[in-house]
Amino acid sequence: MPSTARSEAGLPGPVADLAAIRLQLRSWPEVEAYLERCRGVIVPLGSTEQHGPTGAIGTDALTAEAVALEVGRRTGVLVTPAQNFGMAEHHLGFAGTVSLQPSTLLAVLHDVVLSLARHGFERIFVINGHGGNIATARAAFAQAHGTAAARGLPVAERLRCQLANWFMAGPVMQEARSLYGDREGHHATPSEIALTLHLEPTLLAKHRPLDEPAPAGPIHGPDDFRRRHPDGRMGSDPFLAQPDHGERFLDLAATALATDLERFLAE
Ligand code: NI
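Description of the structure in this document. Everything numeric in this text was worked out from a predicted model, so none of it was measured. (Residues numbered from 1 in each chain as written. Predicted model: local features only at pLDDT ≥ 70, side-chain atom pairs only at ≥ 80, totals over all residues. Heavy atoms only, no water.)

Things to note about the sheet that holds strand β2 (residues 78–79)
- With parallel pairing, 4 strands are arranged side by side in an open sheet as β2-β1-β3-β4. The sheet terminates laterally at β2 and β4 (160–165), the two strands that pair on one side only.
- Against the sheet, helix α3 (residues 59–75) engages β1 (40–45), β2 and β3 (123–128), with an angle of about 160° to β1. (Pairing = 2+ DSSP bridges. Helix = DSSP H or I, 4+ residues; strand = E, 2+ residues; numbered from the N terminus. Contact = heavy atoms within 4.5 Å. Axes fitted to C-alpha atoms, helices over the stretch in contact; angles between N-to-C directions.)

Spelled out as structure tokens, the structure:
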């Protein structure tokens, strides 16, 4: 991409070192200086929940943060610390799951958006790794717009929030379909597990073939979920996942989302 296109879109441009785009490692004067040239910020949103008998509990958090950092590296847009607890009430029947109720997650995301908006961030790009967060994140954005206006924040009119679900990006879904077909399933999918194997090779030690998964179905409470999905998977065969697939998914997701982010900042 030529640098002129980048400046028109408000993108700071690629960075050589991830430290340059991690909010945690910036000082406040650096953030003020950043806001002079870019009003966009990326918020990784994950979940801490069971991913079948062989998948990592942190799958949705690890993947969302990895995609967010890669999009940040390619665009130069700041990345906040990840919100690693999500809405995972239906997974609470499995040990290790930590869930925020929808109202709690709504309050957390609302406050994150309002904090950023107060400093002058106008484009909040939430990179999400968990389907269960979608409805609540959208509700939080609606509420944040109302609060920004009610508080009279200078950015209220220009504030935009966008939810980017990396696992639903077109090229990611196409690649998952071509590699795994119907065995991609709906939870503990080989695509997300492949990305964790790429990021964290120690997870390969848990990788093993599994029995036929229970098919996907409606989601009710945690006890019902465990009854109908006894090992936690919904129609997926995570044993198909390979670390090199994960590297490919990371690239496809980052490419698609960096393009979405560029459009979002140029709006
Ligand atoms: Ni997941």
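Considerations on the pairing of β1
- Extensive coverage of β1 is indicated by the burial of 6 of its 6 residues.
- Where burial is concerned, the two faces of β1 agree: the one with G40, I42 and P44 and the one with V41, V43 and L45 are both buried.
- One ladder, built from 6 bridges, connects β1 with β3; its direction is parallel. Following the sheet pairing, V43 is matched in β3 by V126.
- The sheet contact formed by β1 and β2 spans 2 bridges and is parallel. Bridged to I42 within β2 is V79.
- At this point the chain moves from β1, through α3, to the parallel β2, and the crossover so formed is right-handed. (Buried < 20%, exposed > 50% of the residue type's maximum accessible area, 1.4 Å probe, protein only. Right-handed = clockwise from strand over helix to strand, strands pointing away.)

What about the coordination of the nickel ion?
- Here the nickel ion is held by H51 (NE2), D60 (OD) and E192 (OE), and the distances to it run 1.9 to 2.1 Å.
- Considered as a linear motif, the donors of the nickel ion on their single chain read H-x8-D-x131-E. With D60 in helix α3 and E192 in helix α7 (residues 190–199), this pair connects stretches of sequence that are 132 residues apart. Considered together, D60 and E192 belong to a single accessibility category, that of buried residues. (Donors = N, O, S within 2.8 Å, 3.2 Å for Na, K, Ca; no water.)

Here's the deal with the side chain of T147
- Assignment of secondary structure puts T147 in helix α5 (residues 134–150).
- Residue contacts for T147: discarding those within four places in its chain leaves H110 and L114.

Focus on helix α4 (residues 102–118)
- Between the first and last C-alpha of α4 there are 24 Å, a value that for 17 residues agrees with the 24 Å anticipated at 1.5 Å per step.
- Buried-residue contacts for α4 involve β1, β3, α5 and β4.
- Just downstream of α4, G120 is the residue with a positive phi angle, here 110°. (Expected span 1.5 Å × (residues − 1).)

Looking at the packing of helix α6 (residues 170–180) against helix α9 (residues 243–266)
- At their nearest, the axes of α6 and α9 sit 8 Å apart, and the two run at 155° to each other. Considering the angle they form, α6 stands roughly antiparallel to α9. For the pair α6 and α9, contact is made by P171, V172, E175, A176, L179 and Y180 and by H245, R248, F249, L252, A253 and A256, respectively.
- Partitioned by chemical class, the residues of the contact of α6 with α9 number 9 nonpolar, 1 polar and 2 charged. (Parallel < 35°, antiparallel > 145°, perpendicular 65-115°, else oblique. Nonpolar A, V, L, I, M, F, W, Y, C, P; charged D, E, K, R; others polar.)

Some remarks on the packing of aromatic side chains
- Throughout the structure, instances matching the rule amount to 5 aromatic pairs.
- Ring geometry for F125 against F264: centres 5.9 Å apart, planes inclined by 40°, an arrangement best described as tilted. On the criterion of sequence distance, the pair formed by F125 in strand β3 and F264 in helix α9 is long-range, its members being 139 residues apart.
- Taking the relative accessible area as the measure of exposure, F264 reaches 3% and is therefore buried. (Phe/Tyr/Trp six-rings, centres within 6.5 Å; stacked < 30°, edge-to-face > 60°.)

What to know about the nonpolar core
- Residues I42, V67, V71, F121, I124, I127 and L257 are the most contacted members of the largest nonpolar core, which totals 69 residues.
- No other element matches α9, which puts 11 residues into this core.
- Beyond its immediate sequence surroundings of up to four residues, F121 is in contact with V31, Y34, L35, R39, G40, V41, L78, L116, V155 and L159. (Core = buried A, V, L, I, M, F, W, Y, C linked by side-chain atoms within 4.5 Å.)

Details of the pairing of β4
- Pairing of β3 with β4 involves 6 bridges; the strand directions are parallel. For R123, the partnering residue across the bridge sits in β4 and is R160.
- The parallel pair β3 and β4, bridged by α5, forms a crossover whose chirality is right-handed.

Quick look at the state of the cysteines
- The tally for this structure, following the rule as stated, stands at 0 disulfides.
- Not part of a disulfide, C38 finds its nearest cysteine sulfur in C161, a span of 15 Å.
- The buried category is assigned to C38, whose relative accessible area is 3%.
- The exposure class of C161 is buried, given its relative accessible area of 17%. (Disulfide = S-S within 2.5 Å.)

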